[in-house]
Amino acid sequence: MKKTSLILIFCLFVFSQFAKSQSCTPIVAADLRRMLVELGYEVKDLNLAVDKEKFEIKILTPTFNVPMGVELSGNKNNIWFTVALGKAFEETSPKNFALLKRNAVIQPSQFYITEKGNLMMAVALENKCVTNAAMKKISDMLANKVSENKS
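Values in this document were obtained by computation on a predicted structure and should not be read as measured data.

What counts and how
Residues numbered from 1 in each chain as written. Predicted model: local features only at pLDDT ≥ 70, side-chain atom pairs only at ≥ 80, totals over all residues. Heavy atoms only, no water. Disulfide = S-S within 2.5 Å. Helix = DSSP H or I, 4+ residues; strand = E, 2+ residues; numbered from the N terminus. Buried < 20%, exposed > 50% of the residue type's maximum accessible area, 1.4 Å probe, protein only. Polar contact = N/O pair within 3.5 Å; in protein donor to acceptor, adjacent residues only side chain to side chain. Contact = heavy atoms within 4.5 Å. Expected span 1.5 Å × (residues − 1).

Visitor: For the state of the cysteines, give the residues involved together with the corresponding values.
Guide: The tally for this structure, following the rule as stated, stands at one disulfide. One disulfide bridge connects C24 with C129, the sulfur atoms lying 1.7 Å from each other. On the S-S bond that ties C24 to C129, the torsion sits near 105°, and the link is right-handed. Of the two residues, C24 is situated in the loop between α1 (2–21) and α2 (29–38) and C129 in the loop between β6 (118–126) and α4 (132–148); the sequence distance between them amounts to 105 residues.

Next up, the structure:
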């Protein structure tokens, strides 16, 4: 009986720890910043307004030092990793069509143009069960896509 009770208590403890480790609650801005620091990035605060927090990290690739913005989406469902590539081309430029076609190659990343007319490349990470490893993978992937598409 004593042995059965100990096994039952042990199983309850193990399952409770497993449940804790599988917590998939979305992270908040403070968690995002902390995780970026844990990954070894020097984090620059671009915006600290509540619900608009945005951070910058720099990732070194073989060809570029890529400054990357990292922020939670407005609805907190995604973490956006963005890279500014300069001013967008003229609206009639054939390069715009080439960028749209290139989106099929660089997916899940994408090229887009901001309302202010800046050309960007971005990718989103679902804000669910976020780990440092997932953030590292996605930020490195985007930095490499920027380098590979420098033309």
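Next, the rest of the story.
Visitor: Please provide a residue-by-residue account of the side chain of N96, values included.
Guide: Turning to its location among the elements, N96 is positioned in helix α3 (residues 94–106). Residue class for N96 comes out buried when judged on its relative accessible area of 16%. Of the polar contacts made by the side chain of N96, one reaches the backbone oxygen of E90; its length is 2.8 Å. Excluding residues that lie within four positions of it along the chain, N96 makes contacts with F89, E90, E91 and I113.

Visitor: How would you explain α4 if you had to name every residue and give the values?
Guide: The first and last C-alpha atoms of α4 sit 24 Å apart over 17 residues, in line with the 24 Å expected at 1.5 Å per residue. Listed as buried for α4 are M135, I138, S139, L142, A143, K145, V146 and S147. Lining the buried residues of α4 we find α2, β2 (54–60), β3 (65–72), β4 (78–87), α3 and β6.

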